[in-house]
Each structure stands twice: as structure tokens, then as C-alpha cells.
Amino acid sequence: MIRYASLALALMGIWLLLSGHYDPLLISLGVVSVGVTVWIAARLNVVDHEGHPIHIVLRLFTYFPWLFWEIVKSNVDVARRVLSPSLPVSPRVFTVDSSQKTSVGRTIYANSITLTPGTVTIDVIGGRLEVHALTTESAEEVKSGRMDARVTRFEGET
């Protein structure tokens, strides 16, 4: 029940932000459309821990700032390598294991790698990710497992 209520609140918030109209008639139509949408989602049984992962909401406040800082550091590194051709670039493809238990966790891990400049997740096969890295340093950073551990903590118990 909590998932349906949070889904309805999230959809209503998005609807209000995107519409920009606060007339009583339009708000009531928004409430009706959100109600129908949540009812359809309930009938399709898609409001589960993967379709609407509310169990990780509070951990967003610790994970996103860390990820943002990693993105900034990687951006600076890639920009330095582009602007200074003397810095080495050694592209490589490698695989790394993921310790996440759910597909949501593995998706977050793969997307976090891709969001960090200099690395791209090419494929996810079960618990293994195929990654392309621009430099040896960025490859070693992914292989170190720090991001994997951080995403596993972010994923939490499901």
C-alpha cells in the first residue's frame, strides 16, 4: 500500500511541476489521471521493489553527492587528457564482477560507471559487466571495487 501511495504522490508532484496550472478543475483532472494510472499499475502488478524502489530513497542523499563528485573528478581528468596530448590514453575493454543482488542494483552500477567520463559499460551479463575505459587509471578505479561497494550499500536490503 505504501508503494501505491508514494507512486501517486510522485506522479502528482511531477504532473504539477510539468503542467504549471493550478486551477481547481485541472488539479482535479490531474488527481483523476493519477488515480487511473496507479490503478492500472496495480492491476498490471508493476509496482514492486524494482518498478518503484522507494526503499532506496533516503540513501539517495549520500550516494548522489558521492557520484556527482566522481563525475566531476573524471571530467577534469578526461579534459586534461584532451587538452594535453602528452598525457597517455590507453583504451581497454575488461570485465568486472558486480556484487549487487537485484537487477536494479546492477543497473545502477552499470549506469554509474557510464556516467563517469572515461568509462562506459558495454554489456551486462548476469553478475558481470563488460567495461570500456579510456585510461589505465580509470580502469583500475573501476576494478578497485569502490564503486561496486558503494552501489551495494546504496542498494541495501530488499
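Rules and cut-offs
Residue numbers here run from 1 along each chain, matching the order of that chain's written sequence. Restriction of local features to residues with pLDDT of at least 70 applies here, the model being predicted, together with a cutoff of 80 or more for giving and counting side-chain atom pairs; totals for whole chains, interfaces and linings are based on all residues. The side-chain quantities take in all heavy atoms of the structure and omit both hydrogens and water. Axes here refer to lines fitted to C-alpha atoms; in helices the fit is confined to the stretch in contact. Angles between the N-to-C directions go from 0 to 180 degrees. The secondary structure listing takes helices from DSSP runs of H or I that are at least 4 residues long and strands from runs of E that are at least 2 residues long, numbered from the N terminus. Working definition: roughly parallel below 35 degrees, roughly antiparallel above 145 degrees, roughly perpendicular at 65 to 115 degrees, and oblique for all remaining angles. Note: crossing handedness is left-handed where the near helix turns anticlockwise from the far helix by less than a right angle, and right-handed where it turns clockwise. In what follows, residue pairs with any heavy atoms lying within 4.5 Å of each other are defined as contacts. The distinction between a cavity and a pocket rests on a 1 Å grid over the protein atoms alone: a 1.4 Å probe fits inside a cavity but cannot get out, while a pocket stays open yet meets protein on both sides within 12 Å along at least five of seven lines, and a residue with an atom within 4 Å of a point counts as lining. Grid points are joined across faces, edges and corners, and a volume is the space filled by probe spheres set on the points. Three categories are distinguished: nonpolar for Ala, Val, Leu, Ile, Met, Phe, Trp, Tyr, Cys and Pro, charged for Asp, Glu, Lys and Arg, and polar for the others, with Gly belonging to the last. A 3.5 Å cut-off defines polar contacts: any pair of N or O atoms within that distance qualifies, except that in protein one atom must be a possible hydrogen donor and the other a possible acceptor, and neighbouring residues in sequence count only when both atoms are side-chain atoms. Residues belong to one nonpolar core when they are buried, are Ala, Val, Leu, Ile, Met, Phe, Trp, Tyr or Cys, and are joined through side-chain atoms within 4.5 Å. The rule is simple: take the accessible area with a 1.4 Å probe, protein chains only, and divide by the maximum for that residue type; under 20% is buried, over 50% is exposed, in between is partly exposed. A pair of strands is treated as paired once DSSP finds two or more bridges between them.

Caption draft 1: Broad picture of the packing of helix α4 (residues 103-115) against helix α6 (residues 146-155). At a minimum axis separation of 9 Å, α4 and α6 run at an interaxial angle of 140°. In terms of axis orientation, α4 runs oblique to α6. When the axes of α4 and α6 are compared, the crossing they make is right-handed. For the pair formed by α4 and α6, the contact residues are G105, I108, Y109, S112 and I113 on the first element and M147, D148, V151, F154 and E155 on the second.

Caption draft 2: How the structure looks around unusual backbone geometry. Although it is not a glycine, N45 adopts a positive phi angle of roughly 60°. Within the fold, N45 resides in the loop between α2 (24-44) and α3 (60-83).

Caption draft 3: Here's a closer look at the layout of surface pockets. What the largest pocket holds in volume is close to 280 Å³. Looking at the lining of the largest pocket, the elements with two or more residues in it are α3 and α5 (136-143). For the lining of the largest pocket, the leading source of residues is α3, giving six residues. Looking at the lining of the largest pocket residue by residue, the class counts come to seven nonpolar, six polar and five charged.

Caption draft 4: Main features of the side chain of Q100. Within the fold, Q100 resides in the loop between β1 (92-97) and α4. Looking at Q100, its side chain comes within polar contact range of the side chain of D148, at 2.8 Å. If sequence neighbours within four positions are ignored, Q100 has contacts with G105, R106, Y109, D148, V151, T152 and E155.

Caption draft 5: Structural context of the nonpolar core. Within the largest apolar cluster, 20 residues are counted, with the highest numbers of intra-cluster contacts made by Y63, F94, V96, I108, Y109, I113 and L129. Looking at this core, the elements with two or more residues in it are α3, β1, α4, β3 (128-133), α5 and α6. It is α4 that contributes the most residues to this core, five residues altogether. In this view, L129 contacts F94, T95, V96, S98, Y109, A110, I113, T121, D123 and V124; residues no more than four positions away in its chain are not counted. Grouped together as the second largest cluster of nonpolar side chains are six residues, L7, M12, V34 and V47 included.

Caption draft 6: Looking closely at the packing of α3 against α6. Remark: α3 packs on α6, axes separated minimally by 10 Å, with the N-to-C direction vectors making an angle of 160°. By the criterion of interaxial angle, the relationship of α3 to α6 is roughly antiparallel. Where α3 crosses over α6, the two elements pack in a sense that is left-handed. Contact residues: α3 offers L60, T62, Y63 and W66, while α6 offers M147, R150, V151 and F154. Each residue belonging to the contact of α3 with α6 can be placed in one class, and the counts come to six nonpolar, one polar and one charged.

Caption draft 7: View of the sheet that holds strand β2 (residues 119-125). Taken in spatial order, the three strands make up an open sheet running β1-β3-β2, and their pairing is antiparallel. Looking at the sheet topology across the chains shown, the edges are occupied by β1 and β2. The mean inter-strand angle of the sheet, taken between neighbouring strand axes irrespective of direction, is 25°. Where β2 and β3 come together, six bridges link them in antiparallel fashion. Bridging across to β3, V124 finds its partner in L129. Along the sheet, α5 makes contact with β1, β2 and β3, crossing β1 at roughly 10°.

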